[in-house]
Amino acid sequence: ILLALPYPGLGTGDVDYYQVFAWRAWSVLRTDGTLGIVFPRSLLNSAGSADWRAEVLTRGRFDNITLLANTKRWVFDIHPQYTFALVSLTSAASVDGTVPMCGPFHNMDEYLAGRQTLGTLPSHGIRSWSTVAAFPSLPNTASVEAFKALRAHPRLDRIEPGWDFRLASEFHATNDRNTFDDGGEK
């Protein structure tokens, strides 16, 4: 049923309700409307949400993204390894083309002390740094400048004359099981 909805990218990877909610919220937002909502962090980096991020980066703007790590379940009473994104966006393109981000915060004291200290990432960079317009998860706001310096260099996965870098794995215990001799057959 979810895959029948008119939202691009839902068939990429695992379909999750938050992707549908993100598309629905965006589709009913009026021109120059603003939305503030809590999402799983994966909305900002999963392949299934790539089209949604590209849409917002092209036709709107992210006004603020605050990441909250659920350390010791301080945000929600669910698994403590989840990270959540407080997302504020507007359905009008940004003049300066930047995305303000802060966090991840691991407790209320960190959040209260650092929520006003925002790093900014260029919208065009987010679109070009990965094939899915993934937002980086940086350890703190101070690391934003270091990240931007690293991203000023060409991507490793580019393909051009004299360069064709590809990741490979040697053996995988599950996928290559048929190549292993477990000594059980005679």
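Residues numbered from 1 in each chain as written. Predicted model: local features only at pLDDT ≥ 70, side-chain atom pairs only at ≥ 80, totals over all residues. Heavy atoms only, no water.

**With respect to the nonpolar core**
In step 1: If you look at the biggest cluster of nonpolar residues, it comprises 32 residues, and the most contacted ones within it are W52, F62, I65, L89, V99 and F135.
In step 2: At six residues, helix α1 (residues 17–28) tops the list of elements feeding residues into this core.
In step 3: In contact with V99, other than residues within four places in its own chain, are L57, F62, I65, G119, T120, L121, S123, I126 and F135. (Core = buried A, V, L, I, M, F, W, Y, C linked by side-chain atoms within 4.5 Å. Buried < 20%, exposed > 50% of the residue type's maximum accessible area, 1.4 Å probe, protein only. Helix = DSSP H or I, 4+ residues; strand = E, 2+ residues; numbered from the N terminus. Contact = heavy atoms within 4.5 Å.)

**Here's the deal with a nonpolar patch on the surface**
In step 1: On the surface, a nonpolar cluster with roughly 360 Å² of combined accessible area is contributed by V38, F76, I78 and Y82.
In step 2: Inspection of the secondary structure assignment puts F76 in the loop between β2 (61–69) and β3 (83–90).
In step 3: Taking relative accessible area as the criterion, F76 reaches 38% and is therefore assigned partly exposed. (Patch = residues over 30% accessible without salt bridge, like charges linked within 9 Å, V, L, I, M, F, W, Y side chains within 5 Å. Areas by Shrake-Rupley, 256 points an atom, 1.4 Å probe, with all protein chains shown as cover. Salt bridge = Lys/Arg side-chain N within 4 Å of Asp/Glu carboxyl O.)

**Focus: unusual backbone geometry**
In step 1: Here the amide bond leading from G103 into P104 is cis, since omega sits at 10°, within 30 degrees of zero.
In step 2: Considering the arrangement of structural elements, one finds P104 in strand β4 (residues 98–105).
In step 3: Not every positive phi belongs to a glycine, and D32 is a case in point at roughly 65°.
In step 4: Positionally, D32 belongs in the loop between α1 and β1 (34–40).

**Looking at the pattern of salt bridges**
In step 1: A full pass over the atoms with the stated rule returns three salt bridges.
In step 2: Note that R61 is salt-bridged to D63, the shortest N-O span being 2.6 Å.
In step 3: The partly exposed category is assigned to D63, whose relative accessible area is 24%.
In step 4: The residue E145 makes a salt bridge to K148 at a minimum N-O spacing of 3.2 Å. Highlighted residues: E145 and K148, both in helix α5 (residues 143–151), separated by three residues, approximately one helical turn.

**Comments concerning the packing of aromatic side chains**
In step 1: Following the criterion strictly, the structure yields eight aromatic pairs and no others.
In step 2: Ring centres of W52 and F62 lie 5.9 Å apart, and the angle between their planes is 75°; this geometry places the pair in the edge-to-face category. You can see W52 sitting in helix α2 (residues 50–59) and its partner F62 sitting in strand β2, a full ten residues away along the chain.
In step 3: Their ring planes at 75° and their centres at 5.8 Å tell us that F105 and Y111 sit as a pair that is edge-to-face.
In step 4: Taken together, F39, W52, F62 and F135 form an aromatic cluster joined through their ring pairs. (Phe/Tyr/Trp six-rings, centres within 6.5 Å; stacked < 30°, edge-to-face > 60°.)

**Here we look at empty space enclosed by the protein**
If a probe the size of a water molecule is rolled over the atoms, the empty space left behind becomes visible.
In step 1: Scanning all chains against the criterion turns up one cavity of 30 Å³ or more.
In step 2: When its volume is computed, the largest cavity comes out at roughly 60 Å³.
In step 3: When residues in the lining of the largest cavity are grouped by element, the largest group, three residues, is from β4.
In step 4: When the residues that make up the lining of the largest cavity are grouped by side-chain class, the tally is six nonpolar, four polar and no charged. (1 Å grid on protein atoms, 1.4 Å probe; cavity = no way out; pocket = protein on both sides within 12 Å on 5 of 7 lines; lining within 4 Å. Points joined across faces, edges and corners; volume = space filled by probe spheres on them. Nonpolar A, V, L, I, M, F, W, Y, C, P; charged D, E, K, R; others polar.)

**Things to note about the sheet that holds β3**
In step 1: Taken together, the five strands give an open sheet; going across it, the order is β1-β3-β2-β4-β5, and neighbouring strands pair in mixed fashion. Either end of the sheet is taken by a strand with one partner, and the two such strands are β1 and β5 (119–122). Strand-to-strand twist of the sheet, defined as the mean angle between neighbouring strand axes without regard to direction, takes the value 20°.
In step 2: Pairing analysis gives seven bridges linking β1 to β3, with the strands arranged antiparallel. (Pairing = 2+ DSSP bridges. Axes fitted to C-alpha atoms, helices over the stretch in contact; angles between N-to-C directions.)

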